[in-house]
Amino acid sequence: MKISKIYAAAFVALASAVIMPAAAQTRRDACTSIMVGKQASTDGSVMTSHTCDSWYRTWMQPVAPKDYPNDTVMTVYEGRMHTEYPSSTDGMKEKGQIPQARHTYRFLDTAYPCLNEKQLAIGETTYTGRDTMQNEKGMFMIEELARVALERCSTAREAITLMGKLIKDYGYGDSGECLTIADPKEVWIFEVQGEGPDKVGGVWAAQRIPDDHIAVSANVSRIGKIDFNDKDNFMASDNVRSVAKKMGLWDGKEEFSFWKAYSGGNYMKEPKNYSVRELFIMQELAPNAGLNDKMEELPVSIKPEKKVSVEDVARLLGSYYEGTPMNLSGKLKVKNPKKKKDDGADVPDSIVSPVANPWMQPDEIAVYEALGDSTMCNIRTVSVPWCAYSTVLQCRDWLPDGVGGVAWVSLDNPGQSPRFPIFAGTTDVPEMLKVCGQHRERDDAALWHYRKPNKLATVRWGDARKTMEPARDHFLKKGQFELPMIEKEYARLLNEGKDEEAAQLLTDYTRDFFGATISRWDELGAKYWRARWKGF
(Lines give C-alpha, C1' and ligand atoms only; values in the text may rest on other atoms or scores of the structure.)
Protein backbone atom coordinates (compact mmCIF):
# COMPACT_ATOMS: atom_id res chain seq x y z
CA MET A 1 0.00 0.00 0.00
CA LYS A 2 1.41 3.38 -0.99
CA ILE A 3 2.19 5.70 1.88
CA SER A 4 -0.15 8.67 2.18
CA LYS A 5 1.08 12.18 1.44
CA ILE A 6 0.20 13.24 4.97
CA TYR A 7 2.28 10.44 6.47
CA ALA A 8 5.15 11.20 4.11
CA ALA A 9 5.13 14.85 5.14
CA ALA A 10 5.09 13.87 8.80
CA PHE A 11 8.07 11.55 8.25
CA VAL A 12 10.06 14.35 6.63
CA ALA A 13 9.23 16.70 9.49
CA LEU A 14 10.27 14.12 12.08
CA ALA A 15 13.48 13.29 10.27
CA SER A 16 14.43 16.94 9.93
CA ALA A 17 13.78 17.45 13.63
CA VAL A 18 16.20 14.79 14.81
CA ILE A 19 19.06 17.01 15.86
CA MET A 20 18.24 20.53 14.82
CA PRO A 21 16.58 23.39 16.70
CA ALA A 22 12.99 24.10 15.71
CA ALA A 23 14.01 27.21 13.76
CA ALA A 24 16.06 25.07 11.41
CA GLN A 25 13.68 22.15 10.89
CA THR A 26 13.08 22.70 7.18
CA ARG A 27 14.16 21.31 3.84
CA ARG A 28 17.21 23.55 4.06
CA ASP A 29 18.74 21.00 6.40
CA ALA A 30 18.77 18.32 3.76
CA CYS A 31 22.04 17.70 1.87
CA THR A 32 25.82 18.06 1.78
CA SER A 33 28.13 18.27 -1.25
CA ILE A 34 31.94 18.24 -1.36
CA MET A 35 33.79 19.22 -4.55
CA VAL A 36 37.42 18.44 -5.41
CA GLY A 37 39.47 19.90 -8.28
CA LYS A 38 41.71 17.61 -10.31
CA GLN A 39 44.96 18.97 -8.83
CA ALA A 40 43.53 18.69 -5.31
CA SER A 41 42.79 14.96 -5.60
CA THR A 42 45.23 12.13 -4.98
CA ASP A 43 44.85 10.60 -8.45
CA GLY A 44 43.86 13.53 -10.70
CA SER A 45 40.14 12.83 -10.43
CA VAL A 46 37.63 15.65 -10.47
CA MET A 47 34.99 14.91 -7.84
CA THR A 48 31.65 16.06 -6.60
CA SER A 49 29.31 14.36 -4.15
CA HIS A 50 25.89 14.37 -2.51
CA THR A 51 24.11 13.14 0.59
CA CYS A 52 20.37 13.06 -0.12
CA ASP A 53 19.25 13.62 3.45
CA SER A 54 15.49 13.40 3.50
CA TRP A 55 12.48 11.36 2.44
CA TYR A 56 13.39 10.93 -1.23
CA ARG A 57 13.19 7.83 -3.39
CA THR A 58 15.95 5.27 -3.18
CA TRP A 59 15.28 3.46 -6.44
CA MET A 60 17.81 4.12 -9.17
CA GLN A 61 18.61 2.81 -12.61
CA PRO A 62 20.60 3.73 -15.72
CA VAL A 63 18.42 5.25 -18.45
CA ALA A 64 19.53 4.14 -21.92
CA PRO A 65 20.56 6.64 -24.61
CA LYS A 66 17.89 7.32 -27.20
CA ASP A 67 17.40 8.87 -30.63
CA TYR A 68 14.28 10.90 -31.46
CA PRO A 69 12.73 12.14 -34.70
CA ASN A 70 12.29 15.82 -35.42
CA ASP A 71 9.47 17.67 -33.65
CA THR A 72 9.43 15.31 -30.65
CA VAL A 73 8.60 16.89 -27.30
CA MET A 74 9.54 15.82 -23.78
CA THR A 75 7.44 16.29 -20.64
CA VAL A 76 8.82 18.05 -17.58
CA TYR A 77 7.54 16.72 -14.25
CA GLU A 78 7.31 17.52 -10.58
CA GLY A 79 7.23 14.74 -7.97
CA ARG A 80 9.43 12.00 -9.48
CA MET A 81 11.63 12.13 -6.39
CA HIS A 82 8.99 10.36 -4.29
CA THR A 83 7.86 7.48 -6.51
CA GLU A 84 8.21 3.85 -5.41
CA TYR A 85 9.58 2.36 -8.64
CA PRO A 86 10.61 3.62 -12.09
CA SER A 87 7.27 3.19 -13.87
CA SER A 88 5.21 4.73 -11.06
CA THR A 89 3.50 8.07 -11.67
CA ASP A 90 1.94 8.35 -8.20
CA GLY A 91 2.13 11.92 -6.97
CA MET A 92 3.68 13.18 -10.19
CA LYS A 93 2.50 16.35 -11.89
CA GLU A 94 3.13 17.44 -15.47
CA LYS A 95 4.64 20.93 -15.49
CA GLY A 96 4.92 21.40 -19.24
CA GLN A 97 6.69 20.30 -22.39
CA ILE A 98 9.82 21.37 -24.26
CA PRO A 99 11.36 20.25 -27.57
CA GLN A 100 13.21 16.95 -27.26
CA ALA A 101 16.85 16.60 -28.31
CA ARG A 102 17.58 14.41 -31.31
CA HIS A 103 19.87 12.25 -29.12
CA THR A 104 20.06 11.81 -25.35
CA TYR A 105 22.90 10.31 -23.33
CA ARG A 106 22.71 7.43 -20.85
CA PHE A 107 22.45 8.70 -17.27
CA LEU A 108 22.05 7.32 -13.77
CA ASP A 109 18.52 8.19 -12.68
CA THR A 110 18.66 8.81 -8.93
CA ALA A 111 16.22 11.09 -7.09
CA TYR A 112 18.55 13.89 -8.13
CA PRO A 113 20.04 12.50 -11.38
CA CYS A 114 23.79 12.32 -10.95
CA LEU A 115 26.04 10.90 -13.73
CA ASN A 116 25.96 10.41 -17.49
CA GLU A 117 27.96 8.40 -20.02
CA LYS A 118 30.18 11.41 -20.82
CA GLN A 119 31.39 11.67 -17.20
CA LEU A 120 29.24 14.68 -16.44
CA ALA A 121 28.46 14.44 -12.71
CA ILE A 122 26.06 16.45 -10.54
CA GLY A 123 25.62 16.77 -6.77
CA GLU A 124 22.89 18.81 -5.06
CA THR A 125 22.06 20.77 -1.93
CA THR A 126 19.07 23.00 -1.13
CA TYR A 127 19.65 26.43 0.38
CA THR A 128 16.03 27.69 0.01
CA GLY A 129 16.90 31.40 -0.07
CA ARG A 130 14.34 34.17 0.19
CA ASP A 131 10.78 32.89 -0.12
CA THR A 132 9.81 36.10 -1.91
CA MET A 133 11.78 34.88 -4.94
CA GLN A 134 9.96 31.60 -5.54
CA ASN A 135 7.44 31.38 -8.37
CA GLU A 136 5.72 28.01 -8.63
CA LYS A 137 4.54 28.84 -12.15
CA GLY A 138 8.08 28.16 -13.36
CA MET A 139 8.29 24.87 -15.25
CA PHE A 140 11.53 23.44 -13.90
CA MET A 141 12.26 21.95 -10.51
CA ILE A 142 15.95 21.44 -9.78
CA GLU A 143 15.93 17.66 -10.34
CA GLU A 144 14.42 18.09 -13.80
CA LEU A 145 17.05 20.66 -14.73
CA ALA A 146 19.71 18.13 -13.71
CA ARG A 147 18.00 15.37 -15.71
CA VAL A 148 17.83 17.40 -18.93
CA ALA A 149 21.44 18.55 -18.50
CA LEU A 150 22.66 14.96 -18.13
CA GLU A 151 20.62 13.82 -21.13
CA ARG A 152 22.02 16.54 -23.39
CA CYS A 153 25.41 17.80 -22.14
CA SER A 154 28.96 16.46 -21.89
CA THR A 155 30.68 19.20 -19.86
CA ALA A 156 29.91 21.31 -16.80
CA ARG A 157 29.99 24.53 -18.82
CA GLU A 158 27.53 23.12 -21.36
CA ALA A 159 25.23 22.04 -18.53
CA ILE A 160 25.27 25.48 -16.88
CA THR A 161 24.64 27.22 -20.20
CA LEU A 162 21.74 24.90 -21.06
CA MET A 163 20.13 25.20 -17.63
CA GLY A 164 20.41 28.97 -17.81
CA LYS A 165 18.60 28.97 -21.14
CA LEU A 166 15.87 26.63 -19.88
CA ILE A 167 15.35 28.85 -16.82
CA LYS A 168 15.06 31.95 -18.98
CA ASP A 169 12.72 30.32 -21.52
CA TYR A 170 10.46 28.26 -19.25
CA GLY A 171 10.98 29.49 -15.70
CA TYR A 172 12.31 28.01 -12.48
CA GLY A 173 9.66 26.91 -9.97
CA ASP A 174 11.72 25.52 -7.09
CA SER A 175 13.22 27.16 -4.00
CA GLY A 176 16.87 28.21 -3.79
CA GLU A 177 19.02 25.30 -4.97
CA CYS A 178 22.65 24.48 -5.57
CA LEU A 179 24.05 21.98 -8.06
CA THR A 180 27.73 21.00 -7.91
CA ILE A 181 28.69 20.08 -11.45
CA ALA A 182 31.83 18.18 -12.47
CA ASP A 183 33.36 16.81 -15.64
CA PRO A 184 36.80 15.24 -16.19
CA LYS A 185 38.44 18.68 -16.39
CA GLU A 186 36.73 20.94 -13.84
CA VAL A 187 34.03 21.38 -11.20
CA TRP A 188 31.57 24.27 -10.71
CA ILE A 189 29.07 25.39 -8.09
CA PHE A 190 25.75 26.60 -9.54
CA GLU A 191 23.07 28.40 -7.49
CA VAL A 192 19.59 29.33 -8.67
CA GLN A 193 16.35 30.93 -7.48
CA GLY A 194 13.09 32.13 -8.96
CA GLU A 195 12.63 35.66 -10.22
CA GLY A 196 9.84 36.61 -7.85
CA PRO A 197 6.03 36.35 -7.94
CA ASP A 198 5.54 38.70 -10.90
CA LYS A 199 7.88 37.07 -13.41
CA VAL A 200 8.29 33.47 -14.60
CA GLY A 201 12.02 33.12 -14.99
CA GLY A 202 14.93 32.84 -12.61
CA VAL A 203 18.25 34.20 -11.42
CA TRP A 204 21.43 32.17 -11.13
CA ALA A 205 25.18 32.33 -10.71
CA ALA A 206 27.99 29.80 -11.13
CA GLN A 207 31.58 29.79 -9.95
CA ARG A 208 34.42 27.53 -11.05
CA ILE A 209 36.39 25.80 -8.30
CA PRO A 210 40.15 26.21 -8.92
CA ASP A 211 41.86 22.97 -9.92
CA ASP A 212 43.91 22.81 -6.72
CA HIS A 213 40.98 23.61 -4.40
CA ILE A 214 38.13 21.86 -2.62
CA ALA A 215 34.72 23.36 -1.89
CA VAL A 216 31.72 22.54 0.28
CA SER A 217 28.02 23.38 0.00
CA ALA A 218 25.64 22.29 2.75
CA ASN A 219 22.24 24.02 2.57
CA VAL A 220 23.65 27.54 2.58
CA SER A 221 24.15 29.83 -0.43
CA ARG A 222 27.91 30.03 -0.92
CA ILE A 223 28.56 32.26 -3.94
CA GLY A 224 29.44 35.83 -3.01
CA LYS A 225 31.17 38.38 -5.22
CA ILE A 226 31.02 37.72 -8.95
CA ASP A 227 33.71 38.90 -11.36
CA PHE A 228 31.51 39.53 -14.38
CA ASN A 229 34.59 40.12 -16.56
CA ASP A 230 36.11 36.74 -15.74
CA LYS A 231 34.21 34.45 -18.09
CA ASP A 232 36.56 31.55 -17.40
CA ASN A 233 35.62 31.33 -13.73
CA PHE A 234 32.18 32.94 -13.38
CA MET A 235 28.85 32.68 -15.16
CA ALA A 236 25.53 34.33 -14.25
CA SER A 237 22.10 35.13 -15.62
CA ASP A 238 21.94 38.50 -17.36
CA ASN A 239 19.35 39.69 -14.81
CA VAL A 240 21.19 38.66 -11.64
CA ARG A 241 21.84 42.25 -10.51
CA SER A 242 18.78 43.96 -11.95
CA VAL A 243 16.35 41.58 -10.21
CA ALA A 244 18.13 42.03 -6.87
CA LYS A 245 17.84 45.79 -7.25
CA LYS A 246 14.20 45.62 -8.34
CA MET A 247 13.29 43.40 -5.36
CA GLY A 248 15.08 45.69 -2.89
CA LEU A 249 17.76 43.09 -2.11
CA TRP A 250 20.69 45.20 -3.31
CA ASP A 251 21.08 48.96 -3.31
CA GLY A 252 23.22 49.06 -6.44
CA LYS A 253 26.01 50.86 -4.59
CA GLU A 254 27.74 48.17 -2.56
CA GLU A 255 29.64 45.47 -4.38
CA PHE A 256 27.14 42.83 -5.45
CA SER A 257 27.13 39.54 -3.49
CA PHE A 258 24.88 36.72 -4.65
CA TRP A 259 24.40 35.12 -1.23
CA LYS A 260 23.77 38.41 0.52
CA ALA A 261 21.16 39.42 -2.04
CA TYR A 262 19.30 36.16 -2.58
CA SER A 263 19.79 34.32 0.69
CA GLY A 264 20.87 36.76 3.36
CA GLY A 265 22.37 34.09 5.60
CA ASN A 266 22.28 30.49 6.75
CA TYR A 267 19.45 28.32 8.08
CA MET A 268 20.28 29.40 11.64
CA LYS A 269 19.32 32.96 10.62
CA GLU A 270 22.94 34.08 10.90
CA PRO A 271 24.24 36.56 8.27
CA LYS A 272 26.84 34.08 7.00
CA ASN A 273 27.44 32.04 3.86
CA TYR A 274 28.18 28.86 5.84
CA SER A 275 27.21 26.85 8.89
CA VAL A 276 28.75 24.05 10.93
CA ARG A 277 29.22 21.49 8.14
CA GLU A 278 31.01 23.76 5.68
CA LEU A 279 33.33 25.04 8.40
CA PHE A 280 34.07 21.58 9.81
CA ILE A 281 34.91 20.00 6.45
CA MET A 282 37.07 22.91 5.31
CA GLN A 283 38.91 22.94 8.64
CA GLU A 284 39.50 19.19 8.34
CA LEU A 285 41.06 19.59 4.89
CA ALA A 286 42.85 22.89 5.55
CA PRO A 287 43.46 22.94 9.34
CA ASN A 288 46.00 25.78 9.23
CA ALA A 289 44.03 28.14 7.00
CA GLY A 290 42.74 30.20 9.91
CA LEU A 291 39.04 29.51 9.28
CA ASN A 292 36.75 30.04 12.26
CA ASP A 293 33.09 30.57 13.15
CA LYS A 294 33.57 34.28 13.78
CA MET A 295 33.97 34.97 10.08
CA GLU A 296 31.02 36.46 8.19
CA GLU A 297 32.05 34.75 4.99
CA LEU A 298 33.98 31.59 4.25
CA PRO A 299 35.72 31.43 0.88
CA VAL A 300 33.79 29.33 -1.61
CA SER A 301 36.85 27.10 -1.98
CA ILE A 302 40.23 26.54 -0.38
CA LYS A 303 43.44 24.65 -1.13
CA PRO A 304 43.67 21.48 0.99
CA GLU A 305 46.89 20.82 2.86
CA LYS A 306 46.97 17.24 1.56
CA LYS A 307 45.60 15.67 -1.61
CA VAL A 308 42.04 14.37 -1.21
CA SER A 309 40.94 10.83 -2.09
CA VAL A 310 37.59 9.16 -2.65
CA GLU A 311 38.00 7.63 0.79
CA ASP A 312 38.52 11.09 2.30
CA VAL A 313 35.33 12.44 0.74
CA ALA A 314 33.38 9.36 1.87
CA ARG A 315 34.78 9.71 5.40
CA LEU A 316 33.78 13.37 5.61
CA LEU A 317 30.28 12.68 4.29
CA GLY A 318 29.99 10.04 7.02
CA SER A 319 31.30 12.33 9.76
CA TYR A 320 29.64 13.05 13.09
CA TYR A 321 32.50 15.26 14.37
CA GLU A 322 34.28 12.52 16.28
CA GLY A 323 37.29 13.89 18.10
CA THR A 324 35.70 17.32 18.52
CA PRO A 325 33.50 18.79 21.28
CA MET A 326 30.56 18.57 18.83
CA ASN A 327 30.48 14.75 18.96
CA LEU A 328 27.33 13.82 20.90
CA SER A 329 28.34 10.27 21.75
CA GLY A 330 31.71 11.33 23.13
CA LYS A 331 29.99 13.31 25.89
CA LEU A 332 28.34 10.26 27.50
CA LYS A 333 30.98 8.76 29.75
CA VAL A 334 30.52 6.08 32.42
CA LYS A 335 32.71 4.43 35.01
CA ASN A 336 35.20 2.03 33.44
CA PRO A 337 33.98 -1.44 34.55
CA LYS A 338 37.35 -3.03 33.75
CA LYS A 339 39.46 -0.77 35.95
CA LYS A 340 40.76 -2.44 39.11
CA LYS A 341 41.89 -0.83 42.34
CA ASP A 342 45.58 -1.41 41.65
CA ASP A 343 45.46 -0.18 38.04
CA GLY A 344 47.52 2.89 37.29
CA ALA A 345 46.69 6.13 35.52
CA ASP A 346 47.19 4.44 32.14
CA VAL A 347 43.81 2.73 32.63
CA PRO A 348 41.11 5.40 32.32
CA ASP A 349 38.60 5.91 35.13
CA SER A 350 35.78 6.43 32.63
CA ILE A 351 34.93 5.35 29.09
CA VAL A 352 32.39 6.43 26.51
CA SER A 353 29.23 4.46 27.15
CA PRO A 354 28.68 1.71 24.55
CA VAL A 355 25.02 2.77 24.30
CA ALA A 356 26.01 6.30 23.25
CA ASN A 357 25.54 7.07 19.58
CA PRO A 358 26.15 10.26 17.61
CA TRP A 359 22.72 10.24 15.93
CA MET A 360 20.49 10.43 19.01
CA GLN A 361 16.84 11.41 18.67
CA PRO A 362 15.54 14.53 20.45
CA ASP A 363 13.70 12.46 23.06
CA GLU A 364 16.91 10.61 23.91
CA ILE A 365 18.73 13.90 24.39
CA ALA A 366 15.84 15.15 26.51
CA VAL A 367 16.35 12.24 28.94
CA TYR A 368 19.93 13.28 29.61
CA GLU A 369 18.88 16.90 29.96
CA ALA A 370 16.26 15.84 32.51
CA LEU A 371 19.00 14.08 34.46
CA GLY A 372 20.93 17.32 34.61
CA ASP A 373 23.42 16.72 31.79
CA SER A 374 23.88 20.18 30.33
CA THR A 375 26.50 19.02 27.80
CA MET A 376 23.91 17.41 25.50
CA CYS A 377 22.57 19.61 22.72
CA ASN A 378 21.15 19.38 19.22
CA ILE A 379 23.67 19.70 16.41
CA ARG A 380 23.47 18.87 12.72
CA THR A 381 26.03 16.17 11.90
CA VAL A 382 27.27 15.65 8.34
CA SER A 383 25.95 12.08 8.24
CA VAL A 384 22.36 11.61 9.38
CA PRO A 385 20.23 8.50 10.00
CA TRP A 386 17.47 9.70 7.68
CA CYS A 387 19.73 9.86 4.60
CA ALA A 388 18.11 8.26 1.54
CA TYR A 389 21.30 7.72 -0.45
CA SER A 390 24.72 9.26 -0.96
CA THR A 391 27.10 9.50 -3.91
CA VAL A 392 30.79 10.26 -4.36
CA LEU A 393 31.19 11.00 -8.08
CA GLN A 394 34.57 10.58 -9.79
CA CYS A 395 35.45 11.91 -13.26
CA ARG A 396 38.79 10.75 -14.71
CA ASP A 397 40.07 12.12 -18.01
CA TRP A 398 42.80 9.52 -18.56
CA LEU A 399 40.26 6.70 -18.85
CA PRO A 400 37.49 5.92 -21.36
CA ASP A 401 34.25 7.62 -20.34
CA GLY A 402 32.41 4.39 -19.56
CA VAL A 403 34.82 3.40 -16.78
CA GLY A 404 36.28 6.83 -16.01
CA GLY A 405 33.04 8.11 -14.52
CA VAL A 406 31.98 6.25 -11.40
CA ALA A 407 29.38 6.87 -8.71
CA TRP A 408 30.28 5.40 -5.33
CA VAL A 409 26.79 4.89 -3.92
CA SER A 410 25.57 4.17 -0.41
CA LEU A 411 22.01 3.81 0.90
CA ASP A 412 20.84 4.97 4.35
CA ASN A 413 23.31 6.57 6.79
CA PRO A 414 26.65 7.21 5.01
CA GLY A 415 28.40 7.08 8.36
CA GLN A 416 27.48 3.39 8.55
CA SER A 417 26.68 2.00 5.09
CA PRO A 418 29.15 0.61 2.54
CA ARG A 419 29.57 2.10 -0.93
CA PHE A 420 29.39 0.24 -4.25
CA PRO A 421 30.34 1.48 -7.74
CA ILE A 422 27.98 2.27 -10.61
CA PHE A 423 29.94 3.31 -13.69
CA ALA A 424 29.07 5.78 -16.42
CA GLY A 425 29.02 2.74 -18.69
CA THR A 426 26.94 0.47 -16.42
CA THR A 427 23.82 -0.45 -18.40
CA ASP A 428 21.69 -2.07 -15.69
CA VAL A 429 21.52 -2.54 -11.92
CA PRO A 430 20.10 -5.33 -9.72
CA GLU A 431 16.31 -5.35 -9.41
CA MET A 432 16.61 -4.62 -5.69
CA LEU A 433 17.97 -1.17 -6.58
CA LYS A 434 14.92 -0.42 -8.73
CA VAL A 435 12.57 -0.46 -5.72
CA CYS A 436 12.25 2.45 -3.27
CA GLY A 437 12.26 1.44 0.37
CA GLN A 438 10.94 4.69 1.80
CA HIS A 439 7.21 3.96 1.50
CA ARG A 440 7.21 0.76 3.58
CA GLU A 441 9.49 -1.96 4.85
CA ARG A 442 10.11 -4.43 2.05
CA ASP A 443 12.90 -6.96 1.61
CA ASP A 444 12.91 -6.52 -2.17
CA ALA A 445 14.17 -2.95 -1.67
CA ALA A 446 17.93 -2.65 -1.17
CA LEU A 447 17.50 0.17 1.35
CA TRP A 448 16.20 -2.09 4.10
CA HIS A 449 19.15 -4.48 3.90
CA TYR A 450 21.29 -1.58 5.08
CA ARG A 451 18.78 0.34 7.17
CA LYS A 452 17.83 -2.47 9.57
CA PRO A 453 21.41 -3.43 10.56
CA ASN A 454 22.35 0.27 10.75
CA LYS A 455 19.51 1.14 13.09
CA LEU A 456 20.16 -1.93 15.23
CA ALA A 457 23.85 -0.99 15.42
CA THR A 458 23.02 2.39 16.96
CA VAL A 459 21.48 0.66 20.00
CA ARG A 460 24.99 -0.12 21.21
CA TRP A 461 27.11 1.84 18.76
CA GLY A 462 30.20 1.60 20.95
CA ASP A 463 30.16 -2.16 20.41
CA ALA A 464 28.69 -2.43 16.92
CA ARG A 465 31.03 0.10 15.34
CA LYS A 466 33.95 -2.28 15.96
CA THR A 467 32.54 -4.55 13.26
CA MET A 468 30.46 -2.18 11.14
CA GLU A 469 33.08 0.50 10.45
CA PRO A 470 35.77 -1.96 9.26
CA ALA A 471 33.17 -3.64 7.03
CA ARG A 472 32.13 -0.26 5.61
CA ASP A 473 35.73 0.75 4.91
CA HIS A 474 36.59 -2.65 3.44
CA PHE A 475 34.39 -2.10 0.41
CA LEU A 476 36.00 1.19 -0.59
CA LYS A 477 39.42 -0.42 -0.20
CA LYS A 478 38.22 -3.37 -2.24
CA GLY A 479 37.07 -1.03 -5.00
CA GLN A 480 40.33 0.94 -5.07
CA PHE A 481 42.28 -2.34 -5.27
CA GLU A 482 40.15 -3.97 -7.97
CA LEU A 483 39.28 -1.03 -10.23
CA PRO A 484 42.66 -0.88 -12.03
CA MET A 485 42.07 -4.46 -13.22
CA ILE A 486 38.53 -3.62 -14.36
CA GLU A 487 39.78 -0.48 -16.13
CA LYS A 488 42.50 -2.43 -17.95
CA GLU A 489 40.12 -5.14 -19.10
CA TYR A 490 37.50 -2.57 -20.16
CA ALA A 491 40.08 -0.74 -22.31
CA ARG A 492 41.20 -4.01 -23.89
CA LEU A 493 37.65 -4.93 -24.86
CA LEU A 494 37.06 -1.48 -26.35
CA ASN A 495 40.29 -1.67 -28.35
CA GLU A 496 39.10 -4.99 -29.79
CA GLY A 497 35.79 -3.44 -30.81
CA LYS A 498 33.85 -5.42 -28.21
CA ASP A 499 31.73 -2.56 -26.91
CA GLU A 500 28.86 -4.74 -25.67
CA GLU A 501 31.23 -7.06 -23.79
CA ALA A 502 32.92 -4.02 -22.24
CA ALA A 503 29.59 -2.62 -21.01
CA GLN A 504 28.62 -6.04 -19.67
CA LEU A 505 31.90 -6.22 -17.74
CA LEU A 506 31.01 -3.03 -15.85
CA THR A 507 27.40 -4.07 -15.33
CA ASP A 508 28.43 -7.46 -13.93
CA TYR A 509 31.04 -5.90 -11.67
CA THR A 510 28.48 -3.45 -10.28
CA ARG A 511 26.07 -6.33 -9.67
CA ASP A 512 28.65 -8.53 -7.93
CA PHE A 513 30.04 -5.69 -5.80
CA PHE A 514 26.58 -4.56 -4.73
CA GLY A 515 25.62 -8.16 -3.90
CA ALA A 516 28.66 -8.51 -1.67
CA THR A 517 27.64 -5.44 0.35
CA ILE A 518 24.11 -6.79 0.77
CA SER A 519 25.41 -10.18 1.99
CA ARG A 520 27.77 -8.57 4.46
CA TRP A 521 25.11 -6.25 5.92
CA ASP A 522 22.65 -9.13 6.22
CA GLU A 523 25.34 -10.99 8.19
CA LEU A 524 25.91 -7.97 10.43
CA GLY A 525 22.19 -7.65 11.10
CA ALA A 526 22.01 -11.30 12.18
CA LYS A 527 25.09 -10.82 14.36
CA TYR A 528 23.61 -7.81 16.15
CA TRP A 529 20.31 -9.62 16.78
CA ARG A 530 22.18 -12.55 18.31
CA ALA A 531 24.15 -10.17 20.52
CA ARG A 532 20.89 -8.66 21.81
CA TRP A 533 19.32 -11.92 22.99
CA LYS A 534 19.19 -10.61 26.55
CA GLY A 535 17.46 -7.42 25.44
CA PHE A 536 18.49 -3.91 24.55
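How each quantity is defined
As a convention, each chain's residues are numbered from 1 in the sequence order in which they are written. The predicted nature of this model means local features are confined to residues of pLDDT at least 70 and side-chain atom pairs, given and counted, to a pLDDT of 80 or more, with totals for whole chains, interfaces and linings taken over all residues. Calculation of side-chain values draws on the structure's entire complement of heavy atoms; hydrogens and water are dropped beforehand. Labels follow the DSSP assignment, with helices taken as runs of H or I lasting at least four residues and strands as runs of E lasting at least two, numbered in each case from the N terminus. The reference for a compact globule is 2.2 Å times residues^0.38; the radius of gyration itself is calculated from the C-alpha atoms. The buried label goes to any residue with under 20% of its type's maximum accessible area, the exposed label to any with over 50%, and the partly exposed label to all in between, with areas taken from a 1.4 Å probe on protein chains only. By the convention used here, residues are in contact when the closest approach between their heavy atoms is within 4.5 Å. Surface accessibility follows the Shrake-Rupley procedure with a 1.4 Å probe radius. Residue values consider only the protein chains on display as shielding. Counted as positive: Lys and Arg. Counted as negative: Asp and Glu. His and the chain ends are not counted at all. Taken as the charge centre is NZ of Lys, CZ of Arg, CG of Asp or CD of Glu, depending on the residue. Note on aromatic pairs: the rings of Phe, Tyr and Trp (six-membered ring only in Trp) are paired at centre separations within 6.5 Å, and the planes decide the class, stacked below 30 degrees, edge-to-face beyond 60, tilted for the rest. Working rule: Lys NZ or Arg CZ, within 6 Å of ring centre, within 35 degrees of ring normal, means a charge sits over the ring. Paired strands are those between which DSSP finds at least two bridges. The angle between two axes is taken between their N-to-C directions and runs from 0 to 180 degrees, where each axis is a line fitted to C-alpha atoms and a helix contributes only its stretch in contact. Each salt bridge in this description consists of a side-chain nitrogen of Lys or Arg and a carboxyl oxygen of Asp or Glu lying within 4 Å of one another.

### Regarding the overall build of the protein
No. 1: In terms of regular secondary structure, the protein is built from 12 helices and 21 strands.
No. 2: Computed over the C-alpha atoms, the radius of gyration of the protein is 23 Å, within 12% of the 24 Å expected from 2.2 N^0.38 for a compact globule of 536 residues.
No. 3: Seen along its three principal axes, the alpha-carbon backbone of the protein occupies a region of about 80 × 60 × 50 Å.
No. 4: Counting over 536 residues, the protein shows a buried share of 57%.
No. 5: Looking at the protein alone, contacts between residues at least 24 apart form 72% of all its contacts between residues at least 6 apart.
No. 6: Accessible surface computed for the protein: about 22,300 Å², of which carbon and sulfur atoms make up 52%.
No. 7: Positive and negative charge centroids in the protein, built from 70 and 75 side chains respectively, lie 3 Å apart.

### A few points about the packing of aromatic side chains
No. 1: What the rule picks out here adds up to 14 aromatic pairs.
No. 2: Ring geometry for Tyr56 and Tyr112: centres 5.5 Å apart, planes at 75°, overall edge-to-face. Of this pair, Tyr56 sits in the loop between strand S2 (46-52) and strand S3 (61-63) while Tyr112 sits in the loop between strand S8 (107-109) and strand S9 (115-116), and the two are 56 residues apart along the sequence.
No. 3: The exposure class of Tyr56 is buried, given its relative accessible area of 6%.
No. 4: Among the aromatic residues, those joined into a cluster by ring pairs are Trp408, Phe423, Phe475, Tyr509 and Phe513.
No. 5: The side chain of Arg57 reaches across the aromatic face of Trp59, ending 3.6 Å from its centre.
No. 6: Above the ring of Phe513, the side-chain terminus of Lys478 is found at 5.2 Å from the ring centroid.

### Let's talk about the sheet that holds strand S14 (residues 214-217)
No. 1: If you walk across this open sheet you meet the 7 strands as S16-S14-S1-S2-S19-S20-S21, and the pairing is antiparallel. Each having just a single partner strand, strand S16 (301-302) and strand S21 (420-423) make up the two edges of the open sheet.
No. 2: Sheet topology note: the S2/strand S19 (residues 389-395) ladder contains 7 bridges and is antiparallel. Bridge pairing links Thr48 to Leu393 in S19.
No. 3: Packed on one face of the sheet, helix H6 (residues 276-285) meets strand S1 (31-36), S14 and S16 and runs near 160° to S14.
No. 4: Across the sheet, helix H7 (residues 310-317) is in contact with S1, S2, S19 and strand S20 (406-411); its angle to S19 comes to roughly 160°.

### Here's the deal with the pattern of salt bridges
No. 1: Summed over all chains, the structure comprises 36 salt bridges.
No. 2: Notably, a salt bridge pairs Arg208 with Asp211, separated by 2.7 Å at the nearest N-O pair.
No. 3: Arg208 gets classed as buried once you look at its relative accessible area, which sits at 15%.
No. 4: Arg460 serves as the salt-bridge partner of Asp463, at 2.9 Å between the closest nitrogen and oxygen.

### Overview of the environment of Thr324
No. 1: Tracing the backbone through its elements, the reader meets Thr324 in the loop between H7 and strand S17 (333-335).
No. 2: Accessibility expressed as a relative area gives 24% for Thr324, which makes it partly exposed.
No. 3: Sequence separation of Thr324 and Val300 is 24 residues, and the distance between their C-alpha atoms is 24 Å.

### Examining the pairing of S14
No. 1: The two faces of S14 match: Ile214 and Val216 on one face and Ala215 and Ser217 on the other face are all buried.
No. 2: Pairing of S1 with S14, which is carried by 4 bridges, proceeds in the antiparallel orientation. Bridging across to S14, Val36 finds its partner in Ile214.
No. 3: As paired elements, S14 and S16 share 2 bridges and run antiparallel to each other. Looking at the pairing, Ile214 lines up with Ile302 of S16.

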